[in-house]
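Here is how the chains run, residue by residue.
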Amino acid sequence: MMQAEILLPPAAILLAGSLLLPLLPRRIRASAFLVFPLVALAIVLTLPDGATLRVNFLDYSLAVLKVDQLSRVFATVFGMIAFAGGIYAFHLRDTGQQVAALVYAGSSLGVTFAGDYLTLIVFWELMAVSSTYLVWARGTDDAHRAGMRYLYVHLFGGSMLLAGILLTLAETGTLGIVALAPNQSAASWLILAGVALNAAVPPLNAWLPDAYPRATVTGAVFLSAFTTKTAVYVLARVFPGWEILLVLGVMMTLYGVVFAVLSNDIRGILAYHIISQVGFMVAGVGIGTALSLNGSVAHAFSHILYKALLFMGAGVVLHTTGTTKLTELGGLLRDMPSTFWLYMVGAFSISGVPLFNGFISKSMVVSAAGEAHYELAYLLLHLASVGTFLSIALKLPAGTWFGERKSLVSSRPPKNMIIGMGVLATLCIVYGVVPSLLYRQLPYAAAYEPYTVAHVNEAVQMLLLTFVAFWFLRAKLAPEPTMTLDTDWFYRMPSRLVKSVVVDGVGRVFDGAEEIVKHGVHLVARVSRNPLIVLHMMRGETSRNAAWNPGYDPDAARLPLGLLLGLVLLCAVGISVISILWLLPPT
């Protein structure tokens with residue numbers, strides 16, 4: 001009995017909570033929401049290493065729960081962010097969003113502890129559906145369209161993942177999740193493609209900056225935490241040491257930074273920096289050393305905390321002003337100083353400022369690249385860090401909280417939103433000041449010391465030089481009210497042509513067929529009013545216009561008696577001839 005309690009899957013707590021929550025009185029749902037992540041987190045922390053819970057399904061033994069240090073560290077931060085997100089959304093009275101958030105967090109835990117591919121793909125698809133609702137719940141036409149694109153893309157990615165799983169099953173006869181050797185088979189590449197889509201690896205990334213800025217205020221916080229990081233977890237579990245991931249990861253770090261600088265939407269900027277920061281994690285997995293893998297895991301942990309904090313700050317701005325466009329914001333510091341300073345904790349964390357958690361995690365990946373003699377990757381990762389500080393910690397705050405006031409603060413944010421930000425800001429600082437709290441949870445044996453004189457000096461110099469460059473170039477970096485197309489260009493630009501051919505063209509064909517049928521039916525209806533008038537038309541005894549006259553005169557329509565007798569006689573002769581021929585013996 002005790003063992004069954006210990007091996008209770010944490011995902012089951014959140015999924016059960018999503019079913020129970022709508023049955024509770026509305027006034028206590030927000031409080032109840034907080035209970036489920038806390039219970040799940042407690043279970044995560046007490047599960048014994050190596051514990052496995054198996055369930056028989058058809059001819060397979062499924063490991064629906066498999067615990068090791070890699071799964072535990074991801075599950076820990078997932079539970080933490082679900083709780084902090086619940087505080088931030090405490091004022092919310094939208095049961096649909098609350099249920100979707102619990103399902104989303106629970107399915108992410110399900111992926112993290114999955115020991116077989118069938119369990120993984122079930123929770124993987126559940127993540128896609130529940131997260132889509134957090135986009136749709138915004139209630140705008142724009143959000144609905146973005147949610148549909150988001151869902152289609154993730155269903156496509158899930159299809160690739162499922163195809164890879166089925167091929168793996170056909171080749172190996174097992175569904176167990178194990179690390180794969182590089183360039184192993186077509187099945188491996190399909191699984192990699194499906195996971196890479198969820199990690200927003202370009203060119204499979206346009207769904208992220210398309211959907212996240214259009215999600216609800218609280219939904220974007222949850223979106224920032226789970227989908228891409230569960231993908232990083234699977235990459236670390238299945239694809240360590242695949243050098244293609246180093247190339248893709250470095251490209252992601254720069255790609256996200258460039259598009260973030262071009263973006264005018266503050267949540268769009270943060271969305272692009274998810275791509276950039278996940279690039280560090282993907283690169284660490286590609287390097288494949290113990291230090292780089294620890295760096296990827298540590299940076300995923302740190303990123304979930306500070307990125308959710310940044311989206312919380314952007315959400316407060318949206319909640320109070322009704323806009324997230326930099327060209328429509330400015331001068332908000334006087335109205336929301338607490339939001340600004342808490343946001344800056346996240347900004348300093350993502351920028352790798354010493355004493356904040358990003359400093360102790362991102363540098364592990366960069367150092368691992370140097371130790372593995374990937375010199376170009378080492379330099380490019382440093383360059384991406386500069387771009388992050390430029391856009392997140394300098395450009396975005398300058399355009400939002402400083403300068404000329406361009407928008408009105410229509411309401412004050414609920415206190416719980418500020419408290420939720422405070423919880424995450426505290427964690428960002430605590431882990432940054434005491435890195436051993438995180439390092440002791442990492443899965444691989446690799447010593448690392450972030451606070452060396454050389455490392456701190458290097459970081460400070462880069463930050464100061466970036467600030468000076470921003471100060472002199474701030475006019476050129478000013479936001480512009482433009483929309484920058486990403487790889488979505490490939491389906492946005494030809495959309496009119498595709499719509500004309502596939503939608504409008506098919507519609508025109510059906511419309512034409514409908515018109516032909518309508519005319520035919522109309523003709524039959526007219527003829528049916530006076531069938532015999534057609535014979536009069538053929539004999540020239542009446543005009544076409546008179547023929548279509550709806551009036552019916554039996555005297556005018558009646559055929560001559562001789563003609564009728566002739567037709568009857570002709571039919572009788574024909575029948576007689578056919579009968580005689582039928583009765584003749586064969587020759």
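What comes next is a walk through the structure. What you see is a predicted model; the values in this text were computed from it and never measured.

Parameters at a glance
Residues numbered from 1 in each chain as written. Predicted model: local features only at pLDDT ≥ 70, side-chain atom pairs only at ≥ 80, totals over all residues. Heavy atoms only, no water. Helix = DSSP H or I, 4+ residues; strand = E, 2+ residues; numbered from the N terminus. Contact = heavy atoms within 4.5 Å. Phe/Tyr/Trp six-rings, centres within 6.5 Å; stacked < 30°, edge-to-face > 60°. Buried < 20%, exposed > 50% of the residue type's maximum accessible area, 1.4 Å probe, protein only. Expected span 1.5 Å × (residues − 1). Polar contact = N/O pair within 3.5 Å; in protein donor to acceptor, adjacent residues only side chain to side chain.

Let's talk about the environment of Thr132
And step 1. As for its placement among the helices and strands, Thr132 is situated in helix α6 (residues 117-136).
And step 2. Placed 79 residues apart in sequence, Thr132 and Ala211 show a C-alpha to C-alpha distance of 8.8 Å.
And step 3. Thr132 has contacts with Gly147, Tyr150 and Leu151, leaving out every residue within four places of it along the chain.

Quick look at the packing of aromatic side chains
And step 1. Under the criterion given, the structure shown has 21 aromatic pairs.
And step 2. Residues Phe239 and Trp242 carry aromatic rings whose centres are separated by 5.0 Å and whose planes lie at 90° to one another, so their mutual orientation is edge-to-face. No difference in accessibility class separates Phe239 from Trp242, as the two residues are buried.
And step 3. For the ring pair Phe359 and Tyr451, a centre distance of 5.2 Å and an interplane angle of 35° mean the geometry is tilted. Remark: Tyr451 occurs in the loop between α19 (436-439) and α20 (453-473) and Phe359 occurs in helix α16 (residues 357-371); sequence separation between them is 92 residues.
And step 4. The class for Phe359 is buried, based on a relative accessible area of 2%.
And step 5. A relative accessible area of 26% means that Tyr451 is categorised as partly exposed.
And step 6. Members of the aromatic cluster, each reached through a chain of ring pairs, are Phe33, Phe74, Phe78, Tyr104, Phe222, Phe226 and Tyr233.

Some words on helix α7 (residues 141-172)
And step 1. Across its 32 residues, α7 extends 46 Å between first and last C-alpha, which sits within 8% of the 46 Å expected from 1.5 Å per residue.
And step 2. With its phi angle positive at about 75°, Gly173 sits one or two positions after the end of α7.

A few points about the environment of Asp94
And step 1. Summarising the element assignment, Asp94 is placed in the loop between α4 (69-88) and α5 (95-113).
And step 2. The partly exposed category is assigned to Asp94, whose relative accessible area is 26%.
And step 3. Distance from Asp94 to Arg26, taken between C-alpha atoms, is 9.5 Å for residues 68 residues apart in sequence.
And step 4. Ignoring anything within four residues of it in the chain, the contact list for Asp94 reads Tyr133 and Ala137.
And step 5. Side-chain polar atoms of Asp94 contact the backbone nitrogen of Gly96, separated by 3.0 Å.
And step 6. Polar side-chain contacts of Asp94 include one of 3.2 Å to the side chain of Gln97.

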